[in-house]
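Structure at a glance
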Amino acid sequence: MSTYSESPDHTSMAEPRTSDRESSDRDRPDPTPTEVSVPDVPTSVLPAATTSGIWLPGARDPRRGYIATSPVREAAASGFDLLADQLPPVPLTAHQTEGRWGADAIGRAVGLLTELHVDRTSYGWRLTASAGKDERLEDSALIEAFDAIAEYGGSRPGQVQISLPGPWTLVTALSLSSGARVLGDYGARRDVVQAYAFGIAAFTDRIASLGMQPTVRLVESRLNPVLTGTWPTVSGWASLPAVSETQVWAALESTLRHLPPTVLALPDLDSLHLQGKEIPAAEAVRRTGARSVSVPLASLRPHSWEQLATLAEAGLGTWIHLPPTAGGRSDAVNHWCERIRTPWSRIGMGVSSLREFGIIAGSELPLTYPPLLEDQQGIGPEHNRGTMTIAAGLRRALEEIE
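Below or above, wherever it landed, is the structure these notes cover. Within each chain, residues carry numbers counting from 1 in the order of the written sequence. Two thresholds apply to this predicted model, a pLDDT of at least 70 for residue-level local features and 80 or more for giving and counting side-chain atom pairs, whereas whole-chain, interface and lining totals are computed over all residues. Remark: hydrogens and water are excluded; side-chain values derive from all non-hydrogen atoms of the structure.

Note on geometry: axes are lines fitted to C-alpha atoms, helical ones only across the stretch in contact, with angles between N-to-C directions running from 0 to 180 degrees. Secondary structure is summarised from DSSP: a helix means a run of H or I of at least four residues, a strand means a run of E of at least two, and numbering begins at the N terminus for each. Axis separation between helix H2 (residues 71–82) and helix H12 (residues 384–399) bottoms out at 10 Å; the angle between their running directions is 20°. One finds that H2 runs roughly parallel with respect to H12. In terms of crossing hand, the pair formed by H2 and H12 is right-handed. Contacts from Ala75, Ser78, Gly79, Asp81 and Leu82 in H2 reach Arg385, Met388, Thr389 and Ala392 in H12. An angle counts as roughly parallel when it lies under 35 degrees, as roughly antiparallel when it exceeds 145, as roughly perpendicular when it falls between 65 and 115, and as oblique in every other case. For any pair of crossing helices, the crossing counts as left-handed if the nearer helix is rotated counterclockwise from the farther one by less than a right angle, and right-handed if it is rotated clockwise. Here, two residues are considered to be in contact whenever any of their heavy atoms come within 4.5 Å of each other.

Following this line, the structure appears as structure tokens:
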């Protein structure tokens, strides 16, 4: 079994791994995944309506049995019903503890790692030498999600999307067996990025084998602290050294290149400030090699809309992520349509170009530990179908804009 190393000398991620191939050049870009076979699919994620995939299960009726009340099957059934002509998501079941909702997106991500093993600790997920109970549970959850979309979407040839943490977000969330951060170890983070790319590719290949067209949404919410050296150590009293721009962009670009069509989800479109220079968001996105990008509507300020317009004019797919409770208003579609159309028009963009916008609804993937949803107020099982409905309704409204 090939595992990570905590030493400064490591095998190249761009070459087949062998025990005698080492390098001490720690300033070169993080090595990139080797070539993997990707099925013939569209080169971009077509504009559509989707959700983050998080499903809040309601109370089960024990008289109906597990299969009839399986949250994953219920989520898949609703997704392929309400978003049949849009972009159904691979479901991620949430859980409720002491009245608070959570969904372990990092757990789903580690379940995709190839040739690396993990377990869950009191401070999150860590790399280990062998598989344990927690890893097997995540494997089972992925299998259940796959079986659900195979059951309800196997006869549908359209696109389907799985939302996952981005590679750098995953790296920041993992620890070594010693408890130290993976982010601080060159070889460990290289191994994680490579294993993750291979795992996502393998899972999406399985989706493609069903006759569907797999797409991916990678949530990269921690690029700023990774690049600026502000991600905390385990103790929280210090920060880990910054990872060079070259390494960050190279790992992202390579990962995206070897996956099916992917949307890169960012927390905002603010500029990066690195070593005295300002990098506009549109330029940072360009360096990742992303073909599509999404951003929360709530984060967009006037200069952010201008960056989004720059990306749209450059031919990138543009996606807007609505707030979790977006479907709670009686005039929800008109309200959110105006929330998008007004600032877009204000910067001189033609409203007809909004037809190319994709819409994402629902809570964003929780990436902290414990993995609690950020906005707890006003959400519950009764909002599941409403979340899908507002996404589909708003997408249709944008398509009809003249």
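The subject of this paragraph is the sheet that holds strand S7 (residues 124–128). Overall, mixed pairing links the three strands, which are arranged S6-S7-S9 in an open sheet. Edge positions in the open sheet fall to strand S6 (117–121) and strand S9 (174–175), since each of these has one partner strand only. A strand pair is defined by DSSP finding two or more bridges across the two strands. As paired strands, S6 and S7 are joined by five bridges and run antiparallel to one another. Bridge pairing in S7 places valine 118 opposite leucine 127. Running over the sheet, helix H4 (residues 133–153) touches S6 and S7 and is turned about 110° from S6.

On to the pattern of salt bridges, then. Any Lys or Arg side-chain nitrogen located within 4 Å of an Asp or Glu carboxyl oxygen qualifies as a salt bridge. In the structure shown here, the tally under the stated rule is 15 salt bridges. A salt bridge links arginine 301 to aspartate 270; its shortest N-O distance comes to 2.8 Å. You can see arginine 301 sitting in the loop between strand S14 (292–296) and helix H10 (302–313) and its partner aspartate 270 sitting in the loop between strand S11 (262–265) and strand S12 (272–274), a full 31 residues away along the chain. Residue class for aspartate 270 comes out partly exposed when judged on its relative accessible area of 25%. Put simply, Glu245, Lys277, Glu283, Arg286 and Arg287 are held in one network by salt bridges that share partners. Residue burial is assigned from relative accessible area. The probe radius is 1.4 Å, only protein chains are included, and a residue is buried under 20% of its type maximum, exposed over 50%, and partly exposed in between.

Here, nonpolar core means buried Ala, Val, Leu, Ile, Met, Phe, Trp, Tyr and Cys residues that are tied together by side-chain atoms lying within 4.5 Å of each other. Leu113, Trp168 and Ile320 are the most contacted members of the largest nonpolar core, which totals 111 residues. The biggest single contributor to this core is helix H6 (residues 186–208), with nine residues. The contacts of isoleucine 320, once residues within four sequence positions are left out, are Val295, Leu297, Leu300, Trp305, Leu308, Ile340, Phe357, Gly358, Ile359 and Ile360. Among the nonpolar cores identified, the runner-up in size contains six residues, and Val45, Ala48, Leu87 and Val263 belong to it.

Before going further, it helps to spend a moment on the packing of aromatic side chains. To describe a pair of aromatic rings, one takes the distance between the centres and the angle between the planes. Here is the rule: rings of Phe, Tyr and Trp (six-membered ring for Trp) pair when centre to centre is within 6.5 Å. Planes less than 30 degrees apart are stacked, more than 60 are edge-to-face, and the remainder are tilted. Counted according to the given criterion, the structure contains three aromatic pairs. A ring pair is formed by phenylalanine 146 and phenylalanine 203, whose centres lie 6.2 Å apart and whose planes are at 70°; its orientation type is edge-to-face. You can see phenylalanine 146 sitting in helix H4 and its partner phenylalanine 203 sitting in helix H6, a full 57 residues away along the chain. On the accessibility criterion, phenylalanine 146 (7% relative accessible area) is buried. For the pair tryptophan 305 and tryptophan 344, a centre-to-centre distance of 6.2 Å together with 65° between the ring planes defines the contact as edge-to-face. Note that tryptophan 305 is positioned in helix H10 and tryptophan 344 in helix H11 (residues 332–346), a separation of 39 residues in sequence. On the basis of relative accessible area, tryptophan 305 is assigned to the buried category, the value being 4%. Judged by its relative accessible area of 1%, tryptophan 344 is buried.

So, on to the sheet that holds strand S15 (residues 317–321). If you trace the seven strands from one edge of the open sheet to the other, you get S1-S16-S15-S14-S11-S10-S8, paired in parallel fashion. Taken across any chain shown, the strands that pair with only one partner, and hence form the sheet edges, are strand S1 (49–51) and strand S8 (159–165). Taken pair by pair, the neighbouring strands of this sheet meet at an average axis angle of 25°, ignoring direction. Alignment of S1 against strand S16 (residues 357–361), held across three bridges, turns out to be parallel. Each bridged residue has a counterpart across the sheet, and for threonine 50 the counterpart in S16 is isoleucine 360. Against the sheet, H6 engages S8 and strand S10 (213–219), with an angle of about 150° to S10.

Following the sequence through the fold, arginine 217 ends up in strand S10. By relative accessible area, arginine 217 is classed as buried at 0%.

Burial analysis of S14 places four of its five residues in the buried class, the great majority of the element. Pairing between S11 and S14: three bridges, direction parallel. Within the sheet, the bridge partner assigned to leucine 264 lies in S14 and is valine 293. In the sheet, S14 pairs with S15 via five bridges, with the strands oriented parallel. Within S15, the position partnered with serine 294 by the bridge is tryptophan 319.

Fair warning: the whole summary comes from geometry, so function is off the table for now.
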